[in-house]
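Chains, contacts and geometry: an overview
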Amino acid sequence: MLDNEVVQTMLRRKSIRKYTEQMPSEEAITTVVRAGQQAPFAYQLCSLLLSREREGHPFRAPLLFTVCVDAHRLERVMARRNWQMVTNDLSLLFFGIQDAALLAENMVIAAESLGMGSCFLGSAPYRAEEIIEENKLPPRVFPLVQLAMGYPAQDPPVRPRYPLEVSLFEGAYPELTDDMIDRAMRVMDEGYLAQGYYRQAGYQIPLEGDRPETFSFENYGWTEHISRKAGQWLASLEDLLEPLAMCGFHVTPGS
Ligand SMILES: Cc1cc2nc3c(=O)[nH]c(=O)nc-3n(C[C@H](O)[C@H](O)[C@H](O)COP(=O)(O)O)c2cc1C
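Computed from a predicted structure; not experimentally measured.

1. Some points on the overall build of the protein
Counting its secondary structure elements, the protein contains nine helices and four strands. Seen in sequence order, the protein has helices and strands lined up from the N terminus as α-α-β-β-α-α-β-α-β-α-α-α-α. Dimensions of the protein, computed from C-alpha atoms along their principal axes, come out at roughly 60 × 45 × 45 Å. When each of the 255 residues of the protein is scored for burial, the buried share is 23%. Expressed as a percentage of contacts within the protein between residues at least 6 apart in sequence, the contacts between residues at least 24 apart total 76%.

Listed below in structure tokens is the structure:
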């Protein structure tokens, strides 16, 4: 592989879930946010909320950004130009989620390059009501994801990823054979088990219903973890349609 400082920064990054007391400087915060903003965008359909009140933050991180899909600001701009939004909310959300994700990931890499660490938190959409209230969000602003940030007080290993064999396809999407899938699963599971990830976290997702538990920290790896998540959680569309509607986004026909 080729190697340079930018690639090294990207390849050494890992989620940080323990932070020092040090508060990043105003200059560091501005640098990270400006680097984020300079990501490619479709419509600039996103904005950031920043909290520096570590006591209420996950991992007591000094900084907590809430990355929002923001149609409010564009609608204000359009109104000044005597235009009204006709783009449907699903399209706005697709573009807004991409704008927000690209901005947030630029922030993550900028932070890493400045000696900081970060960790995304996915619960924001499901806590929309509380986030709206705390931050006085106007309608048409949707809390997509949160990003904890600060100086790392831990140095966990870089986590494994699927091999390129099942990630990069040229020409046509291949038939994924059982052997290919098994190889990919081995890379992920052996990687996480060797790092003792779930053992250190002391956490296995409990099985719902009457499925008997057959896993221990000896063999509970990432593929079982992610299967339990996607096989048990967030089955109902309402889980997301409700918070979206609360924020003024309507994505079902006729709504
Ligand atoms: C959208 C999104 C939501 C996430 N939510 C959480 C979360 O709620 N809690 C957490 O500890 N990590 C969360 N993460 C971090 C992932 O667990 C982490 O990125 C993944 O396990 C890979 O590990 P790495 O970032 O160290 O390479 C989230 C990541 C993303 C992109």
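2. A short note on the sheet that holds strand E3 (residues 117-121)
The strand order across the open sheet built from four strands is E1-E2-E4-E3, with neighbouring strands paired in antiparallel fashion. Every other strand in the sheet has two partners, leaving strand E1 (46-51) and E3 as the edge strands with one partner each. In this sheet, neighbouring strand axes are inclined to one another by 25 degrees on average, regardless of whether the strands run parallel or antiparallel. Of the pairings in the sheet, the one linking E3 to strand E4 (residues 141-150) comprises five bridges and is antiparallel in character. Bridge pairing in E4 links serine 118 to methionine 149.

3. A closer look at the domain arrangement of the protein
In terms of domain boundaries, the protein breaks down into domain 1 (5-155) and domain 2 (164-232). One C-alpha centre belongs to domain 1, the other to domain 2; they are set 28 Å apart.

The rules behind these values
Residues numbered from 1 in each chain as written. Predicted model: local features only at pLDDT ≥ 70, side-chain atom pairs only at ≥ 80, totals over all residues. Helix = DSSP H or I, 4+ residues; strand = E, 2+ residues; numbered from the N terminus. Buried ≥ 20, exposed ≤ 12 C-beta atoms within 10 Å, placed from the backbone. Contact = placed C-beta atoms within 7 Å. Pairing = 2+ DSSP bridges. Axes fitted to C-alpha atoms, helices over the stretch in contact; angles between N-to-C directions. Domains from an automatic or database assignment.

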